[in-house]
Amino acid sequence: MRNAVRLEADLFWLALRYLTVLPVPRALPESDDLMVRAVKYHPGIGALVGLLGALVLWATAPVLPGMVAVLLALAATLLMTGAFHEAGLVGAVEAMAAGRDRAEIIALMDQRRFGVYGALALGLVLALKVTLIAALPLAVAAAGLVAAHATGRMASVHVTGTTIHARSEGMQKFVPKVTPDGYRVALTLTMVALIPLTLVAGIGSVLCGFAGAVLLGQAFRIWSINRIGGYTGDCLGGAQQLAELGFYLGLALWL
């Protein structure tokens, strides 16, 4: 029993180290198998990131203009993650928009280019996030941050569990990055993260936000499949960002 609890704790810390810049215990075991098993905690880590943004928003909204409070909340999440997924969005959009074929697209992703397409995509996504969150009532916005960040990470988990990994060696191979049990745990954690928003704004808002996340996240997934036959790490960042944005969009449409 003690070993099982220790293993789950290690998996949580591995997920936290992978997705954020927060300090974690130094003597963590490492292996590809453990990293795959840690994926189930990604939506939970996303909920923690969203919770930080919600706390900053809640603390600053009463004393600062609404747009400024939202910007500070967004900045807090970016600092916590090191703009991990935003960097993936930039790399994926730049490569898939500028590359002529699969080989060139993956080569551009490997180069980590920051060009006009990626800059425009990031700027537009961030601007839409700020505008949509600022338009929500404070309690809904705070709960929405938790829900959207968890759902965005679930979108990445879904892509890894259902999509071919496009390898830079020129091969296509299905690489399972989440186990079936891990997928179920990740989905359960996502559902738990939706509870505060359900209590604040009702089940309809949650369903509309989730539908928006699915639509935009799947749209990005389909685009990457059409361009490179699968996904890369950068594509996961793009799927997460679009799903998170889709959640805010669906929530704003409902309200």
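Just so it is clear, the structure is predicted and the values come from calculations on it, not from any experiment. (Residues numbered from 1 in each chain as written. Predicted model: local features only at pLDDT ≥ 70, side-chain atom pairs only at ≥ 80, totals over all residues. Heavy atoms only, no water.)

Remarks on the overall build of the protein
Summing up its helical and strand segments, the protein has twelve helices and two strands in all. What you see in the protein, going N to C, is helices and strands ordered as α-α-α-α-α-α-α-α-β-β-α-α-α-α. Out of the 255 residues belonging to the protein, those deemed buried represent 48%. For the protein, the share of sequence-separated contacts (at least 6 apart) that also reach a separation of at least 24 residues comes to 77%. Carbon together with sulfur atoms contributes 69% to the accessible area of the protein, which is approximately 12000 Å² in total. In the protein, 18 side chains carry a positive charge and 14 a negative one; their mean positions are 3 Å apart. (Helix = DSSP H or I, 4+ residues; strand = E, 2+ residues; numbered from the N terminus. Buried < 20%, exposed > 50% of the residue type's maximum accessible area, 1.4 Å probe, protein only. Contact = heavy atoms within 4.5 Å. Areas by Shrake-Rupley, 256 points an atom, 1.4 Å probe, with all protein chains shown as cover. Lys, Arg positive; Asp, Glu negative; His and termini not counted. Charge placed at Lys NZ, Arg CZ, Asp CG, Glu CD.)

Let's talk about the UniProt feature "transmembrane region" (unreviewed entry) in the protein
In the UniProt entry, the feature "transmembrane region" (unreviewed entry) is given for residues 41–61, 67–93, 114–147 and 193–217. Overall, residues 41–61 shows 90% helix and 0% strand. The separation of its end C-alpha atoms is 30 Å. Between the first and last C-alpha atoms of residues 67–93 the distance is 27 Å; the span itself is 93% helix and 0% strand. (UniProt positions renumbered as here; feature names shortened; annotations may be inferred.)

Some words on the packing of helix α7 (residues 116–134) against helix α12 (residues 233–254)
Closest axis-to-axis distance for the α7/α12 pair is 10 Å, and the angle between their directions is 30°. Relative to α12, the element α7 lies roughly parallel. Relative to α12, the crossing made by α7 is left-handed. Every residue of α12 that contacts α7 at V125, L128, K129, L132 and I133 is listed here: Q241, E244, L245, Y248, L249 and A252. (Axes fitted to C-alpha atoms, helices over the stretch in contact; angles between N-to-C directions. Parallel < 35°, antiparallel > 145°, perpendicular 65-115°, else oblique. Left-handed = near helix turned anticlockwise from the far one by under 90°.)

Some details on the side chain of T20
The topology assignment puts T20 in the loop between α1 (2–19) and α2 (32–38). T20 gets classed as buried once you look at its relative accessible area, which sits at 6%. A distance of 2.7 Å separates a polar atom in the side chain of T20 from the backbone oxygen of L16. (Polar contact = N/O pair within 3.5 Å; in protein donor to acceptor, adjacent residues only side chain to side chain.)

Some details on the nonpolar core
Ranked by internal contacts, the top residues of the largest apolar core, which has 53 residues, are M109, L197, F220 and C235. Elements that contribute at least two residues to this core include exactly α3 (42–60), α4 (66–81), α5 (84–98), α6 (102–111), α7, α8 (138–162), α11 (203–228) and α12. Per element, the largest residue contribution to this core is eleven residues, and it comes from α8. Dropping the residues within four chain positions of it, M109 is found in contact with G91, A92, A95, M96, I228, T232, D234 and C235. (Core = buried A, V, L, I, M, F, W, Y, C linked by side-chain atoms within 4.5 Å.)

So, empty space enclosed by the protein
Overall, the coordinates contain two cavities of 30 Å³ or more when judged by the stated rule. Estimated volume of the largest cavity: approximately 60 Å³. The wall of the largest cavity is formed by V49, T77, L78, T81, H85, E86, H149, R153, Q240, Q241 and E244. Across the lining of the largest cavity, the residue classes break down as two nonpolar, six polar and three charged. In this structure, the second largest cavity encloses a volume near 30 Å³. Around the second largest cavity sit L57, V70, A73, L74, I133 and L145, which together line it. Here the lining of the second largest cavity is built from residues that sort into six nonpolar, no polar and no charged. (1 Å grid on protein atoms, 1.4 Å probe; cavity = no way out; pocket = protein on both sides within 12 Å on 5 of 7 lines; lining within 4 Å. Points joined across faces, edges and corners; volume = space filled by probe spheres on them. Nonpolar A, V, L, I, M, F, W, Y, C, P; charged D, E, K, R; others polar.)

Regarding the pattern of salt bridges
Counted under the stated rule, the structure contains seven salt bridges. Of the charged contacts in the structure, one is a salt bridge between K129 and E244, with a shortest N-O distance of 3.3 Å. Here E244 lies in helix α12 and K129 lies in helix α7, a separation of 115 residues in the sequence. On the basis of relative accessible area, K129 is assigned to the buried category, the value being 1%. As a salt-bridge pair, R184 and D181 come within 2.1 Å of each other at their nearest N and O atoms. With R184 and D181 both in helix α9 (residues 180–193), this residue pair falls three residues apart, about one helical turn. A residue is classified by how much of its surface remains accessible, and D181, at 51% relative accessible area, is exposed. (Salt bridge = Lys/Arg side-chain N within 4 Å of Asp/Glu carboxyl O.)

Digging into the layout of surface pockets
Reported here for the second largest pocket is a volume of approximately 220 Å³. Lining the second largest pocket are 13 residues, and of these M154, A155, H158, F210 and V214 sit closest to its centre. Only α8, α9 and α11 provide two or more residues apiece to the lining of the second largest pocket. Tallied by class, residues from the lining of the second largest pocket come to nine nonpolar, four polar and no charged.

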